[in-house]
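Here's the letter readout for the chains.
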Amino acid sequence: MHTSSRPNTLSWLVHLATRLLARSLNMPEPLVYNTGVFVFARVQAVENSVGRTLCPIRMWRVLLARIQLWRGPP
C-alpha cells in the first residue's frame, strides 16, 4: 500500500506561510489564520453571486423576458 505525503506537506507549508505572515505583520497567528478564512469565504460568496448572475441560462431567460416586455402584450 502506497501512502502519499502530499497532504502533510501542504499542511506544513500552510502553517509555515501563516507563521511567516503573522511575524511580518506583527500579529498573532490565530488572527492571521481566521482573517484568511474570512477573506476566502467573502471572495467565494462574491464569486458565487457573480457566477449566478452571469449564468448563460439565466441571462437567456432575462433576455427573453425583456424581449417580451418590449413587444408588449399579445
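Draft legend 1. Structural detail: the overall build of the protein. Within the protein one finds 3 helices and 0 strands. The helix and strand sequence of the protein, counted from the amino end, reads α-α-α. Counting all 74 residues of the protein, 4% fall into the buried class. Summing over all exposed atoms, the protein offers an accessible surface of approximately 7200 Å²; the carbon and sulfur share of this is 65%.

Draft legend 2. Examining the pattern of salt bridges more closely. Summed over all chains, the structure comprises 1 salt bridge. One salt bridge connects E29 with R19, and the closest N-O pair in it is separated by 3.1 Å. In this pair, E29 sits in helix α2 (residues 29-53) while R19 sits in helix α1 (residues 6-25), placing the two residues 10 residues apart along the sequence. For R19, a relative accessible area of 35% gives the class partly exposed.

Draft legend 3. Region of interest: the environment of G36. Looking at the element boundaries, G36 is found in helix α2. Overall, G36 belongs to the partly exposed group, its relative accessible area being 38%. Sequence-wise, G36 and T18 are 18 residues apart; in three dimensions their C-alpha atoms are separated by 9.2 Å.

Draft legend 4. Up close: a nonpolar patch on the surface. A cluster of nonpolar residues, W12, L13, L16 and L20, forms a patch on the protein surface that exposes about 410 Å² of accessible area. Inspection of the secondary structure assignment puts L16 in helix α1. Overall, the relative accessible area of 34% leaves L16 in the partly exposed class.

Draft legend 5. Representation of helix α3 (residues 56-71) within the structure. Here α3 spans 22 Å end to end across 16 residues, near enough to the 22 Å set by a 1.5 Å rise per residue. For α3, a buried count of 0 out of 16 residues is recorded, marking the element as mostly open to its surroundings.

Draft legend 6. Here's a closer look at the confidence of the model for the protein. Mean pLDDT for the protein: 82, with 89% of residues reaching 70 or above. The spread of mean pLDDT over the elements of the protein runs between α3, the lowest at 83, and α2, the highest at 86.

Cut-offs used in this document
- Every residue gets a number counted from 1 within its own chain, in the order that chain's sequence is written.
- Two thresholds apply to this predicted model, a pLDDT of at least 70 for residue-level local features and 80 or more for giving and counting side-chain atom pairs, whereas whole-chain, interface and lining totals are computed over all residues.
- Note: side-chain values were computed over all heavy atoms of the structure, leaving out hydrogens and water.
- Helix numbering and strand numbering both begin at the N terminus, where a helix is a DSSP run of H or I of at least 4 residues and a strand a DSSP run of E of at least 2.
- Residue burial is assigned from relative accessible area. The probe radius is 1.4 Å, only protein chains are included, and a residue is buried under 20% of its type maximum, exposed over 50%, and partly exposed in between.
- Note on areas: Shrake-Rupley, 1.4 Å probe, and residue coverage restricted to the protein chains presented here.
- Think of a salt bridge as a Lys or Arg side-chain nitrogen and an Asp or Glu carboxyl oxygen that are within 4 Å of each other.
- Exposure above 30% relative accessible area and the absence of a salt bridge qualify a residue for a patch, where like charges join within 9 Å and nonpolar side chains (Val, Leu, Ile, Met, Phe, Trp, Tyr) within 5 Å.
- An expected span of 1.5 Å times one less than the residue number is assigned to each helix.
- Values of pLDDT, the confidence the predictor places in each residue, fall between 0 and 100.

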